[in-house]
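Here are the chains, one letter per residue:
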Amino acid sequence: MVMFMFLVVALVVVVAAVTLAVVGGGESGALPEAAPERFADPLPPDRPVDRTDVEALRFPVTVRGYRMAEVDDALGRLGAELAERDARIGELESALAGARAHAGPPVGLVKHTVEDAAPREDRP
C-alpha cells in the first residue's frame, strides 16, 4: 500500500509540473516561428574565386539535404569562373607560343659545338 501511495504522489507531482510548465510557459505563449536558414553567398562578387573561398563554402542543411537552387547557383558560378580562367590560360599560352616563334631561340641557349669553334682549313 505504501508503494501505491508513493506512485500516486509521484504521478501527481509530475502532472502538476507539466501543467505549470505548459500554462505558465512565459508571457509570449508559444515559441516564435524560427526564420528559415538562408544561404548567404560567401563567394566574392568583386574578385575571382580562390581556393579558400571554395573551402569556406557551406550550404545550410534542410530536411531532405541541401537546397538544390543554392547548390546549383554556386556550382554555376564556379563553372563559369573555371571556363573563364581556362579561356584566359589558352589565350596566354597561344600568345607565348607566338612570341617564341617570332623571336627564335634565345641567345644564351644557342648550342655551339667544337667543330664550330675550331678553324677549318677549307674556309676562306
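Preceding this paragraph is the structure being described.
Keep in mind it's a predicted model, so treat the numbers as computed, not measured.

Brief notes about the side chain of Glu81
Within the secondary structure, Glu81 is located in helix H3 (residues 68-103). Given a relative accessible area of 14%, Glu81 falls into the buried group. Excluding its chain neighbours within four sequence positions, the residues that come into contact with Glu81 are Arg47, Pro48 and Val49.

Let's talk about the pattern of salt bridges
A complete count under the given rule lists five salt bridges for this structure. Across the pair Arg47 and Asp53 runs a salt bridge, and its minimum N-O distance is 2.9 Å. Look at Arg47 and you get partly exposed, because its relative accessible area is 38%. Overall, Asp53 belongs to the buried group, its relative accessible area being 10%.

About the criteria used
Residues numbered from 1 in each chain as written. Predicted model: local features only at pLDDT ≥ 70, side-chain atom pairs only at ≥ 80, totals over all residues. Heavy atoms only, no water. Helix = DSSP H or I, 4+ residues; strand = E, 2+ residues; numbered from the N terminus. Buried < 20%, exposed > 50% of the residue type's maximum accessible area, 1.4 Å probe, protein only. Contact = heavy atoms within 4.5 Å. Salt bridge = Lys/Arg side-chain N within 4 Å of Asp/Glu carboxyl O.

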